[in-house]
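Here is how the chains run, residue by residue.
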Amino acid sequence: MLDTLMLPFQFSFMNKAFIIVTLTSIPMAILSCYIVLKGWSLMGDAIAHAVLPGIVIAHLLAIPLAVGAFIAGLCCALTTGYIKENCRIREDTVMGIVFSGMFAVGIILFHQANSELHLTHVLLGDVLGISVSSVIETGMISVFVLLILLIRGRDLMLLIFDPQQAQVLGINVRFWHYGIQVLLALSIVAALQAVGMILSISLLITPGACALLVSKRFGDMVVVSLCVAISCSLLGVYTSFYLDSTPAATIVLLMAVVFCGIFCHKIYADRQAVKNQQEKTLDILSASPQNSATDRDLEKLPLSP
Amino acid sequence: MEYLLEPFGYEYMVNAMFVSALIGVVCAFLSAFLMLRGWSLIADALSHATVPGVAIAYMAGLPFSIGAFVSGGFAAVSILFIKRRSLLKEDVAIGLIFTTFFALGLFLLSLSPSTVDLQRILMGNILAIAPWDALQMVIISIATLLFLTIYWKDLLLVFFDEQQAWMAGISPIKLQILFFACLSAMTLAAMQTVGALLVIAVVVTPGATAYLLSDKFSHIIIISICIGLFSSLLGTYLSYFIDGVTGAIIVCLQTLCFLVAFIFAPKQGLFSHIKRRKEALRSHYA
């Protein structure tokens, strides 16, 4: 019994998979807190799609895929910013146009190149077939993103909650608007080879959303988000070994289950709180003699907190 | 010359051009409304959310439109529910649900890899569409087109000013639900031509391009339909020669249209913006 449970740890590819999902999920979980608070979910989605032409071109030119992907992601962010500043179309629409256009170019190139790259690998990654060198590459990018977040994280937080105050304090708002997109692009590039596009979009939204439901302070939020992301990633890879399913999709589904659990608990807790409030008010009213409540007064009691 | 006319000699090419043009026109019509409300993310989410439904329908041997419709509807309901019951912003709820549904679809497909062609769901393949599927798409598109041509003025009023619509005796909720049903039906149809990953382009880009070229809503609709029609026709035609993915070529053409409009549009374009800025500076210093 114990042997069967320990089986995944005996394979070196499984151990590498455990390491790489942890490495990718740490910076993404922290970034997801910023994204969820600011309402930038489409941005992660857009950059993740827009890297495709970069990957194909890098493959054709035989330069590291990460470099091509990063340049393409950056192109998407800059083009979106430029178009938005020079015309009257809303930012999310512009983003949709730019990333779908780039993705389409990527698909055409991909089809023409007829390479041994697989589209499913780009979409879902190849967690189990990862090489040591890409583990190191991913680790380096993750550490870099983490360092920047540790050093400038408080500035970014101020930027998100109150951009005007940030500007008054001398933080370059425009620079950091693009700075966040660069960080996003970097962490997506790091994640892409290992876990693919779908999981990186999900890792940039779901942990933060879970954390926002349960915490009231930013520090707590980051901790909760990290816990959710790391535990789901490890457990997802572990379960996919037995289910024989795609690890990336399994991780996304696990995170969704966690979100559902927290969400249902929260609805239940809210209801309980409303009930307690009503009972308390009733108790106070019936206890105080000079304030003898009649039935008609009771009907006027507030039903919502 | 003969070489250029070659695609018209094949029945499957003519059929594909007809179906994709029809779908392109209706999607472009919808895009004019979506752009008004800034609902681009919703179309993207709907197209991704239909994947598990399509996967299950293929596995069970049902018509795939039923599966797609059910899972799309389920996704829409859960987005609304999360948004109403928590502090999460709308885009977070949408992003969360669509990645989850998409992952569910891929998870199901990875459990039984041989039954469905993943590439076909993601990329679409209008050139190899089965006659029965093509018929479904034509019926859906024509029904949506009829609805939109009859009700476009009411819809416009609802989207611009809901209260005014109430006063005029139009029920905004009923129209919005109908509009969403049309939108999800058309995302389904567009999945056949351009695939799940690029549906967002055909329901956003034509409307946005038209918005740069005109200020009047009826003109926006007409321009947007023209862009949808020509890009779909030309894209399908070109894909015969390039031997490429039809959907990606259509989307590329539309993005090209957008870029041209963005740079050269008479009033809203980049050049006229720069010119106006310069004139303002000159008059300021004069």
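Residues numbered from 1 in each chain as written. Chains lettered and ligands numbered in written order. Predicted model: local features only at pLDDT ≥ 70, side-chain atom pairs only at ≥ 80, totals over all residues. Heavy atoms only, no water.

Turning our eyes to something else, we now look at the confidence of the model for chain B. Residue and element names in this part refer to chain B. Per-residue confidence for chain B averages 85 on the pLDDT scale, and 98% of its residues sit at or above 70. Of all secondary-structure elements in chain B, the lowest mean pLDDT belongs to helix H7 (residues 118–123), at 73, while helix H12 (residues 205–213) reaches the highest, 92. For this predicted complex, the interface confidence comes out at an ipTM of 0.88, alongside a pTM of 0.85. (pLDDT = per-residue confidence, 0-100. Helix = DSSP H or I, 4+ residues; strand = E, 2+ residues; numbered from the N terminus.)

All names here are of chain B. By volume, the largest pocket is sized at about 720 Å³. For the lining of the largest pocket, the elements supplying multiple residues, two or more each, are helix H3 (40–49), helix H5 (64–85), helix H6 (90–111) and helix H10 (172–193). For the lining of the largest pocket, the element with the most residues is H5, which contributes 10 residues. Classifying every residue of the lining of the largest pocket by side-chain character gives 20 nonpolar, 5 polar and 2 charged. (1 Å grid on protein atoms, 1.4 Å probe; cavity = no way out; pocket = protein on both sides within 12 Å on 5 of 7 lines; lining within 4 Å. Points joined across faces, edges and corners; volume = space filled by probe spheres on them. Nonpolar A, V, L, I, M, F, W, Y, C, P; charged D, E, K, R; others polar.)

This part covers the environment of Ile 142 of chain B. With respect to the helices and strands, Ile 142 of chain B occurs in helix H8 (residues 131–160). Note: C-alpha distance between Ile 142 of chain B and Phe 74 of chain B (68 residues apart in sequence) is 25 Å.

Right, let's get into the nonpolar core. Phe 259 of chain A together with Leu 88 of chain B are the most contacted members of the largest nonpolar core, which has 195 residues in total. Once residues lying within four places of it in the same chain are set aside, the contact partners of Leu 88 of chain B are Val 36, Ala 209, Leu 212, Leu 213 and Phe 259 of chain A together with Ile 82 and Lys 83 of chain B. (Core = buried A, V, L, I, M, F, W, Y, C linked by side-chain atoms within 4.5 Å. Buried < 20%, exposed > 50% of the residue type's maximum accessible area, 1.4 Å probe, protein only. Contact = heavy atoms within 4.5 Å.)

Let us now look at empty space enclosed by the protein. Residue and element names in this part refer to chain B. Considering all chains together, one arrives at 3 cavities of 30 Å³ or more under this definition. Of the pockets and cavities examined, the largest cavity occupies roughly 50 Å³. What lines the largest cavity is Ser 20, Ile 23, Gly 24, Cys 27, Thr 193, Val 194, Val 202, Ser 232 and Ile 250. Per-element tally for the lining of the largest cavity: the top contributor is helix H2 (residues 11–37), with 4 residues.

Moving on, we come to the side chain of Ser 231 of chain B. Residue and element names in this part refer to chain B. The topology assignment puts Ser 231 in helix H13 (residues 217–242). Judged by relative accessible area, which is 4%, Ser 231 ranks as buried. Of the polar contacts made by the side chain of Ser 231, one reaches the backbone oxygen of Ile 227; its length is 2.7 Å. From its side chain, Ser 231 meets the backbone oxygen of Gly 228 in a polar contact 3.3 Å long. (Polar contact = N/O pair within 3.5 Å; in protein donor to acceptor, adjacent residues only side chain to side chain.)

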